[in-house]
Amino acid sequence: KINTTFDFEGEIVDVTSFEKGIDIEKLVHSFGAIFNNAKILHDTDGVGEKLVIDAQEFSKLPFESTQAQIDDAKRTMNNVLRRLKSNLNNQPVFFYRLTRDFFPRAYNWWFVYKNKQYSVEPKTGFPMIAKEDPEYYTQLEIMWSNKTNEEKLVAVERLIKSLFNI
């Protein structure tokens, strides 16, 4: 696999090339929602177009998590929660942990663990969460609000409970 990014007529373009015979399931697990808007730029034999179509179709299937994956996700969230609590009064570190360690997982795992589907890109996903799970979305909104770190921590705990029904 080869990855590169370049500017094309004012648009940032991510380019990934693959060898033939790639496992679609591994591909979708690795790249997630990227195939929903993928464009094939150079495909002389139709393999790229078929790859994108197959990946798009596969990503519509239910996401099947193992108990080990769910347990690992819970452990990860509990570790993130512990780090947030220990840095509650250290604004730069709290913000870093919240935006890097917690928020992307809270977004993606709403799809994966709560709804058993593959994650979608944020411009589609946030409206979907707001419509289908308004309480979860309200708690997510707190992450980017002007609320205190203490209030954000309460929202983090609510989101974790909602994700894993605990």
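Our subject is the structure that appears above.
Residues numbered from 1 in each chain as written. Predicted model: local features only at pLDDT ≥ 70, side-chain atom pairs only at ≥ 80, totals over all residues. Heavy atoms only, no water.

### With respect to the overall build of the chain
We count it as follows: In this description a helix means any DSSP run of H or I spanning at least four residues, a strand means any run of E spanning at least two, and both kinds are numbered starting from the N terminus. Throughout this description, buried means an accessible area under 20% of the type-specific maximum (1.4 Å probe, protein chains only), exposed means over 50%, and partly exposed covers the range between. A contact between two residues is defined here by any heavy atoms of the two lying within 4.5 Å.
The secondary structure content of the chain amounts to 7 helices and 2 strands. Written out in order from the N terminus, the α and β elements of the chain read β-β-α-α-α-α-α-α-α. Split into buried and exposed, the 166 residues of the chain put 33% on the buried side. Within the chain, residue pairs in contact and separated by at least 24 positions form 51% of the contacts whose partners lie at least 6 positions apart.

### A look at the packing of helix α3 (residues 67–86) against helix α7 (residues 149–164)
The condition that has to hold: A fitted line through C-alpha atoms serves as each axis, taken over the contacting stretch for helices, and the angle formed by two N-to-C directions is quoted from 0 to 180°. Oblique is the label for every angle not falling under 35 degrees (roughly parallel), over 145 degrees (roughly antiparallel), or within 65 to 115 degrees (roughly perpendicular). Polarity classes work like this: nonpolar for Ala, Val, Leu, Ile, Met, Phe, Trp, Tyr, Cys and Pro, charged for Asp, Glu, Lys and Arg, and polar for all others, with Gly in that last group.
Running from N to C, α3 and α7 cross one another at 175°; their axes reach a closest spacing of 11 Å. Here α3 lies roughly antiparallel to α7, going by the angle between them. Residues Ile70, Ala73, Lys74, Met77, Leu81, Leu84 and Lys85 of α3 lie in contact with α7, whose contacting residues are Leu153, Val156, Glu157, Ile160, Leu163 and Phe164. Grouping the constituent residues of the contact of α3 with α7 by class yields 10 nonpolar, no polar and 3 charged.

### Description of the side chain of Gln139
Note the following rule: Definition of a polar contact: a pair of N or O atoms within 3.5 Å, with one able to donate and the other able to accept a hydrogen when the atoms are protein atoms, and with sequence-neighbouring residues admitted only if both atoms are side-chain atoms.
By the secondary structure assignment, Gln139 is in helix α6 (residues 134–143). Under the relative-accessibility criterion, Gln139 is labelled buried at 5%. Within the local environment of Gln139, its side chain forms a polar contact with the side chain of Glu135, the two groups lying 2.7 Å apart. Aside from chain neighbours lying at most four places away, what touches Gln139 is Ala155, Arg158 and Leu159.

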